[in-house]
Amino acid sequence: MKNQKIKFKNYNPKLHEECGVFGISNTSDASTLTALGLHALQHRGQEGCGIVTFDGKQYHSEKRFGLVGDNFNKEKVLKKLPGKYAIGHNRYSTTGGTALRNVQPFFADTNAGGIGVSHNGNLTNAITLRNKLVQEGAIFHTTSDTEVIVQLIAKSKRFKTIDKIIDSIFHIQGGYSLVMMTQNTLIGVRDPYGIRPLVIGKLKNSYVFASETCAFDIIGAKFVREVENGELVYVENDKLLSLKPFSTKKVRPCIFEYIYFSRPDSILNGKTAYEHRKNFGSQLAKEDKLDADIVVPVPDSGNAAALGYAQERGFNFDLGLIRNHYVGRTFIEPSQKIRSLGVKLKLNANKSVIKNKKIILIDDSLVRGTTSHKIVKMLYDNGAKEVHVRIASPEIKYPDFYGVDMPTKKELLAANKSVQEICNFIKAKSIKFLSLNGLYKAMGFEERNKIYPQLTDHYFTGDYPIEIIDELGENKITQLSLLSTASNN
Ligand code: AMP
């Protein structure tokens, strides 16, 4: 499906989330292990975090703003979360809706018993479903699209919880991975295209579901396999069971997990994200002819690609930028003004390394151009002779609707400017992007057009696998905005 079929204009960015999910079955210390798993997944969302447990008799829930390490670090808190089953969530939201009620996991009592839900991704028909549910009498407590799933589960006429879940998932569309929990079952679901990630691990007799494998390493769990696209897995009586109730599609995982989002030590399709990124860098080097004194990464997002580039061409790799590790990701700040300040808070020039040097500066991606613009200036202000920017992914021209924080088309630099205009904007001596075929080549494919399935790569191609059902009128946006304003109070 090509992008021209989709109207972006009225899509409500308030519902965009990219998050980390985790769940563990039948183990003592379930909440502590969940806190550790969430800590390893902290890069996926820093706005809020939560854990829900079941202790054999009742459910317990703790939800907080901020980082896992600042909230779930004391026995006092973890003691409030007894039980052998637990699920957890790290929340990332872009604008608005910053309210504790939007922090997950969500919990609901249904006529088949309690259910906890953690969700990573974005539903492309959430508003449409929400409006329908409201018309039918549902009362929503949050502005999150995840609540639509909870409401659909609660409303299902099916008898068993698993069937209620399947029933609800038939209605939703988009990119999603879900980790859910009932009294005696841990459940994981991945969307029909496998856009958002979900992996299975094993720790003694327990199973673990998580967004990324780095959450297994921290608790000593072994990586078993990825949840397949359109698969529902569940753990009952310590057994892992699998259902494929949804229409099968060709798997199309999100390419941005490879480029930027996953932690470098997490495994994606048999290789670490670090290996993939190094390969993107070395492929970029193969497509380039420029000579330079040093290759400098934008830390940390450009580290692996810069190393791959430098090794491929035999150039010196040097740390021309020093990162302050006590600042979150630049994107976490909602306004553009603070976001540009964020680059300065996070990075400083390493003067002795860059002075009088012809520099190849490498980052994983260029979105609005804020980072590159600031860094190029910083390097020149500190004595660099020439700064040439190299980006280890193609030009991002199309926004995302499946759970990655990408701005609107208007804000995407490459959607509105030619490569030369981008170069002028960031004031670099030259700029080059990795080609689309190069990106696929670096992942071991011949080239993009000759293979199917492709990954979900609409950022570069405009090829959206799932239609965006929600097209809001101004009234409906206002209603939701009011809701999220109310929830901020
Ligand atoms: P920009 O400064 O807007 O051009 O964004 C590019 C920088 O943001 C790069 O350093 C990337 O590593 C990082 N980045 C790219 N995509 C995302 C995303 N979805 N969320 C947060 N950061 C991102």
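Each value, and the rule that gives it
Residues numbered from 1 in each chain as written. Predicted model: local features only at pLDDT ≥ 70, side-chain atom pairs only at ≥ 80, totals over all residues. Heavy atoms only, no water. Helix = DSSP H or I, 4+ residues; strand = E, 2+ residues; numbered from the N terminus. Buried < 20%, exposed > 50% of the residue type's maximum accessible area, 1.4 Å probe, protein only. Contact = heavy atoms within 4.5 Å. Areas by Shrake-Rupley, 256 points an atom, 1.4 Å probe, with all protein chains shown as cover. Near = heavy atom within 4 Å. Polar contact = N/O pair within 3.5 Å; in protein donor to acceptor, adjacent residues only side chain to side chain. Nonpolar A, V, L, I, M, F, W, Y, C, P; charged D, E, K, R; others polar. Axes fitted to C-alpha atoms, helices over the stretch in contact; angles between N-to-C directions. Parallel < 35°, antiparallel > 145°, perpendicular 65-115°, else oblique. Left-handed = near helix turned anticlockwise from the far one by under 90°. Expected span 1.5 Å × (residues − 1). Pairing = 2+ DSSP bridges. Core = buried A, V, L, I, M, F, W, Y, C linked by side-chain atoms within 4.5 Å.

Q: Looking at this model, I keep getting lost on the overall build of the protein. Mind explaining?
A: Looking only at helices and strands, one finds 18 helices and 22 strands in the protein. Counting the 489 residues in the protein, one finds 58% classified as buried. Restricting to contacts in the protein with at least 6 residues of sequence separation, those with at least 24 account for 69%. Carbon and sulfur atoms make up 50% of the accessible area of the protein, which amounts to about 20,100 Å² in all.

Q: What exactly am I supposed to notice about the site of the ligand here?
A: Around the ligand sit 16 residues, and of these Asp363, Asp364, Arg368, Gly369 and Thr371 come closest. At 3.1 Å from an oxygen atom of the ligand is found a side-chain nitrogen or oxygen belonging to Ser301. Thr371 places a polar side-chain atom, nitrogen or oxygen, 2.4 Å from an oxygen atom of the ligand. Burial of the ligand by the surrounding chains reaches 96%, relative to a free accessible area of 500 Å². Contributing elements (two or more residues each) for the shell around the ligand: helix H8 (255-261) and helix H13 (370-381). Of the residues contributing to the shell around the ligand, the split by class is 7 nonpolar, 5 polar and 4 charged.

Q: I would appreciate a short explanation of the packing of helix H9 (residues 273-286) against helix H10 (residues 303-313) in the present structure.
A: When two helices pack together, their arrangement is captured by the angle between the axes and the distance separating the axes. Relative to each other, H9 and H10 sit at 45 degrees, their axes nearing to 6 Å. If you check the angle between H9 and H10, you find them oblique. Helix-helix and strand crossings are classified by hand; for H9 and H10 the assignment is right-handed. Counting all contacts with H9, which are made through Tyr274, Arg277, Lys278, Gly281, Ser282, Leu284, Ala285 and Lys286, the residues of H10 involved are Ala304, Ala305, Leu307, Gly308, Tyr309, Gln311, Glu312 and Arg313. Residue composition of the contact of H9 with H10, by class: 7 nonpolar, 4 polar and 5 charged.

Q: Is there a simple way to explain H13 in this structure?
A: For the α-helix, the turn length of 3.6 residues means that residues three or four positions removed from each other point alike. Look at H13: 17 Å from first C-alpha to last across 12 residues, which is about the 16 Å you get at 1.5 Å a residue. When we look at burial in H13, the residues that qualify are Thr370, Ser372, Ile375, Val376, Met378 and Leu379. Of the residues one or two after H13, Gly383 is the one with positive phi, at around 100 degrees.

Q: Help me understand H9, please; the structure alone is not making it clear to me.
A: The terminal C-alpha atoms of H9, which comprises 14 residues, lie 20 Å apart, in line with the 20 Å expected from a rise of 1.5 Å per residue. Where H9 is concerned, the buried positions are Ala273, His276, Arg277, Phe280, Gly281, Ser282, Gln283, Leu284 and Ala285.

Q: Please explain the sheet that holds strand E22 (residues 430-433) as it appears in this structure.
A: Whether parallel or antiparallel, the strands of a sheet pair through hydrogen bonds between backbone atoms. One open sheet holds the 5 strands; their spatial order is E17-E16-E20-E21-E22, and the pairing between them is parallel. This sheet does not close on itself; its edge strands, each paired only once, are strand E17 (316-317) and E22. Here 6 bridges tie strand E20 (residues 358-363) to strand E21 (residues 386-391), and the two strands are oriented parallel to one another. Considered in E21, the bridge of Ile360 is made with His388. The strands touched by H13 are E20 and E21; relative to E21, the strand with the most contacts, the crossing angle is about 155 degrees.

Q: It is not clear to me how the packing of helix H4 (residues 126-135) against helix H5 (residues 146-155) should be interpreted in this structure. Could you clarify?
A: Relative orientation of the contacting elements H4 and H5 amounts to 45 degrees, with a least axis distance of 10 Å. The pairing of H4 with H5 is recorded here as oblique in orientation. Classified by chirality, the crossing of H5 by H4 is left-handed. Across from Ala126, Leu129, Arg130 and Leu133 in H4, the residues of H5 making contact are Val148, Gln151, Leu152 and Lys155. When the residues that make up the contact of H4 with H5 are grouped by side-chain class, the tally is 5 nonpolar, 1 polar and 2 charged.

Q: Can you help me understand the nonpolar core in this one?
A: Nonpolar side chains tend toward joint burial in soluble globular proteins. With 42 residues, the main nonpolar core has Ile255, Phe256, Phe280 and Tyr459 as its most contacted residues. The set of elements that each furnish at least two residues to this core consists of H8, H9, H10, E20, helix H16 (436-442) and helix H17 (458-461). With residues near it in sequence (within four places) discarded, Phe280 still touches Tyr258, Ile259, Ala392, Leu434, Leu439, Ala442 and Met443.

Q: Would you mind showing me how to read the sheet that holds strand E12 (residues 232-236) here?
A: Spatial strand order, E5-E6-E7-E8-E12-E13: 6 strands in an open sheet with antiparallel pairing. At either margin of the open sheet sits one strand with a lone partner, and together these are strand E5 (106-110) and strand E13 (239-243). For this sheet the average axis-to-axis angle between neighbouring strands, irrespective of direction, equals 20 degrees. In terms of strand pairing, strand E8 (residues 186-190) meets E12 through 4 bridges, oriented antiparallel. For Ile187, the partnering residue across the bridge sits in E12 and is Tyr234.

The values reported here are purely geometric and, on their own, carry no functional implication.
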